[in-house]
Amino acid sequence: DVKVTQSSRYLVKRTGEKVFLECVQDMDHENMFWYRQDPGLGLRLIYFSYDVKMKEKGDIPEGYSVSREKKERFSLILESASTNQTSMYLCASSFVGGGLTSTDTQYFGPGTRLTVL
Amino acid sequence: DQQVKQNSPSLSVQEGRISILNCDYTNSMFDYFLWYKKYPAEGPTFLISISSIKDKNEDGRFTVFLNKSAKHLSLHIVPSQPGDSAVYFCAASARYGGSQGNLIFGKGTKLSVKP
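Structural notes, computed from the coordinates. Only a predicted model underlies this, so the values are computations on that prediction, with no experimental measurement involved.

Quick notes on the rules
- Residues numbered from 1 in each chain as written.
- Chains lettered and ligands numbered in written order.
- Predicted model: local features only at pLDDT ≥ 70, side-chain atom pairs only at ≥ 80, totals over all residues.
- Heavy atoms only, no water.
- Helix = DSSP H or I, 4+ residues; strand = E, 2+ residues; numbered from the N terminus.
- Rg over C-alpha atoms; globule rule 2.2 N^0.38 Å.
- Buried < 20%, exposed > 50% of the residue type's maximum accessible area, 1.4 Å probe, protein only.
- Pairing = 2+ DSSP bridges.
- Axes fitted to C-alpha atoms, helices over the stretch in contact; angles between N-to-C directions.
- Contact = heavy atoms within 4.5 Å.
- Buried area = accessible area lost by both parts, 1.4 Å probe.
- Salt bridge = Lys/Arg side-chain N within 4 Å of Asp/Glu carboxyl O.
- Polar contact = N/O pair within 3.5 Å; in protein donor to acceptor, adjacent residues only side chain to side chain.
- Nonpolar A, V, L, I, M, F, W, Y, C, P; charged D, E, K, R; others polar.
- Phe/Tyr/Trp six-rings, centres within 6.5 Å; stacked < 30°, edge-to-face > 60°.
- Core = buried A, V, L, I, M, F, W, Y, C linked by side-chain atoms within 4.5 Å.
- Disulfide = S-S within 2.5 Å.

## Observations concerning the overall build of chain A
Item 1. On a plain count of helices and strands, chain A comes out with zero helices and 11 strands.
Item 2. Overall, chain A shows an N-to-C arrangement of helices and strands of β-β-β-β-β-β-β-β-β-β-β.
Item 3. Relative to its length of 117 residues, chain A is compact, with a C-alpha radius of gyration of 14 Å against a globular reference of 13 Å.
Item 4. With respect to the principal axes defined by its C-alpha atoms, chain A has extents near 45 × 30 × 25 Å.
Item 5. When burial is assessed residue by residue, chain A has 50% of its 117 residues classed as buried.

## Here's the deal with the sheet that holds strand S1 (residues 4-5) of chain B
All names here are of chain B.
Item 1. Across the sheet, five strands lie side by side as S1-S3-S8-S7-S6; this open sheet has antiparallel pairing. Each edge of the open sheet is held by one strand with a lone partner, namely S1 and strand S6 (56-59).
Item 2. Where S1 meets strand S3 (residues 19-25), two bridges bridge the pair, whose relative direction is antiparallel. Within the sheet, the bridge partner assigned to Val4 lies in S3 and is Tyr25.

## Overview of the sheet that holds strand S3 (residues 19-25) of chain A
Residue and element names in this part refer to chain A.
Item 1. What the four strands build is an open sheet, ordered S1-S3-S8-S7; its pairing is antiparallel. Of all strands in the sheet, those bounded by a partner on one side alone are strand S1 (4-6) and strand S7 (64-70). Each adjacent strand pair in this sheet contributes to an overall mean axis angle of 20 degrees, direction not counted.
Item 2. Where S1 and S3 come together, three bridges link them in antiparallel fashion. Looking across to S3, one finds that Gln6 is bridged to Cys23.

## Let's talk about the interface of chain B and chain A
Item 1. Between chain B and chain A, the residue contacts involve 22 residues of the former and 28 residues of the latter.
Item 2. Of the roughly 2,000 Å² buried between chain B and chain A, counting both surfaces, carbon and sulfur atoms make up 57%.
Item 3. Across the chain B-chain A interface, the total number found is zero salt bridges.
Item 4. Scanning the region where chain B abuts chain A turns up five residue pairs in polar contact (both at pLDDT 80 or more).
Item 5. Within the residue set of the side of chain B that touches chain A, elements represented by two or more residues are strand S4 (32-38) and strand S9 (86-93) of chain B.
Item 6. Element by element, the count of residues in the side of chain B that touches chain A is highest for S4 of chain B, at four residues.
Item 7. In the side of chain B that touches chain A, the residues fall into 10 nonpolar, seven polar and five charged.

## Some remarks on the packing of aromatic side chains
Item 1. Tallied over the full model, the rule gives 12 aromatic pairs over all chains.
Item 2. Through a chain of ring-to-ring contacts, the aromatic side chains of Phe33, Tyr35, Phe48, Tyr50 and Phe108 of chain A together with Tyr36, Phe46 and Phe105 of chain B assemble into a single cluster.

## Details of the nonpolar core
Residue and element names in this part refer to chain B.
Item 1. Residues Phe30, Phe33, Trp35, Leu73, Leu75, Ile77 and Tyr88 are the most contacted members of the largest nonpolar core, which totals 24 residues.
Item 2. Elements with a contribution of two residues or more to this core: S3, S4, strand S5 (45-51), strand S7 (62-67), strand S8 (72-77), S9 and strand S11 (109-114).
Item 3. Looking at which element gives the most residues to this core, the answer is S9, with four residues.
Item 4. Excluding residues that lie within four positions of it along the chain, Leu75 makes contacts with Ser19, Ile20, Leu21, Trp35, Leu47, Ile48, Phe62, Thr63 and Tyr88.

## Things to note about the environment of Thr26 of chain B
All names here are of chain B.
Item 1. Within the secondary structure layout, Thr26 lies in the loop between S3 and S4.
Item 2. Look at Thr26 and you get partly exposed, because its relative accessible area is 43%.
Item 3. For Thr26 and Asn57, which are 31 residues apart along the polypeptide, the C-alpha to C-alpha distance reads 21 Å.
Item 4. Ignoring anything within four residues of it in the chain, the contact list for Thr26 reads Gln2, Gln3 and Lys71.

## A look at the state of the cysteines
All names here are of chain B.
Item 1. Counted according to the given criterion, the structure contains two disulfides over all chains.
Item 2. Across the disulfide from Cys23 sits Cys90; the S-S distance is 2.0 Å. The disulfide joining Cys23 to Cys90 has a torsion of about -75 degrees about its S-S bond and is therefore left-handed. Here Cys23 is found in strand S3, whereas its partner Cys90 is found in strand S9, with 67 residues between them in sequence. Pair check on accessibility: Cys23 and Cys90 agree, each one buried.

Below you can see the structure in the form of structure tokens.
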């Protein structure tokens, strides 16, 4: 069974704080993703990574950065948290995509509900 | 511009009846489609998928139908159970079109199954 874990289920931070969200997967997946989910907006991709030390911007990267120093770990960083970053943050992983033999199925962690006051 | 659209934000169905969730897409390069189910305060879980070379895929109570000419897919749940109440996300991938593993998600449909 694929397992994706996230460091916290619930987090409360103050405006201006630096916030680290950690994600670890145990299936040796190459790809890792960070999304945020907001009511009525679905899942929006923040950043993704195809390999260690590689990162690509998603649809809404502003105000976020990421780090992937090890294959199994992908961190999302909010440099200076703001109230509009209050959201559910979801990490996912998958095998390398592209090509008709891949399924691109992503496996998600349980999510971190972040509240910024 | 939304490439994957779920036009119904919510759907209410009686227990035992069929639930039909719809999804439309615009990108003709999409060749793989997935459905995810999400309970509140949990991450999405993969439910069922279909390749563009098929028009139907079945897994127990869940069946996904794909109509490529209409760029439309649907998820049928028969019979619906109260435990099926969740938000359902449709997602698409262009594996041969260089998606590199990215999925494009719809905004979700909240299904409520009433006892």
